[in-house]
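# Observations on the model geometry
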Amino acid sequence: MKEASFTNNMAEQAVQNQAKGAMCLKTLHGAEVSAGLQGVMTTLRKQRLNLFQALLNINAKINVQLSTT
């Protein structure tokens, strides 16, 4: 697997974008979920994976775990 370069500037931009989006949310929980999702999507983009398919796979795994507990 090819490693994505992640400079401090890129990290700062990601945090700034998450902070801007978090200001639009009404609850702390919503802001935390949004920031987590943005982090996952940023990682998927840097790994050049198909965002839609990867999110579907994550959702399927979560649903399987929920149904077996």
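This one's a predicted model, so the numbers in the text were calculated from it and none came from an experiment. Just so you know, the residues in each chain are numbered from 1, in the order the chain's sequence is written. Totals for whole chains, interfaces and linings use every residue, but because this is a predicted model, local features are given only for residues with pLDDT of at least 70 and side-chain atom pairs only at 80 or more, for both listing and counting. The basis for the side-chain values is all heavy atoms of the structure; hydrogens and waters are excluded.

## Details of the overall build of the chain
Note the threshold: Secondary structure elements are defined from DSSP: runs of H or I of at least 4 residues count as helices, runs of E of at least 2 residues count as strands, and each element is numbered from the N terminus. Three exposure classes are used, based on accessible area relative to the maximum for each residue type with a 1.4 Å probe and protein chains only: buried under 20%, partly exposed in between, and exposed over 50%. Method for areas: the Shrake-Rupley scheme with a 1.4 Å probe, in which residue coverage is limited to the protein chains shown.
Along the chain, the regular secondary structure elements total three helices and zero strands. Listing the helices and strands of the chain from first to last along the sequence gives α-α-α. Out of the 69 residues in the chain, the part that is buried amounts to 7%. When the accessible surface of the chain is summed, it comes to about 5900 Å², and 60% of that surface belongs to carbon and sulfur atoms.

## Describing helix α2 (residues 28-46)
Applied cut-off: A helix is expected to span 1.5 Å for every residue after the first. Within this analysis, the arc is defined by the directions that extend from the helix axis to the C-beta atoms.
For α2, with 19 residues, the first-to-last C-alpha span of 27 Å sits near the 27 Å given by 1.5 Å per residue. Every buried residue of α2 is listed here: Ala31, Met41, Thr42 and Leu44. An end-on view of α2 places all buried positions within 160 degrees of arc, on one side of the element. Of the residues in α2, the exposed ones pointing more than 90 degrees away from the buried face are Leu28 and His29.

## Considering unusual backbone geometry
Glycine aside, a negative phi is what most residues show, and trans is what most peptide bonds show. With phi around 55 degrees, Arg48 is a residue other than glycine that occupies positive phi space. Taking the relative accessible area as the measure of exposure, Arg48 reaches 71% and is therefore exposed.

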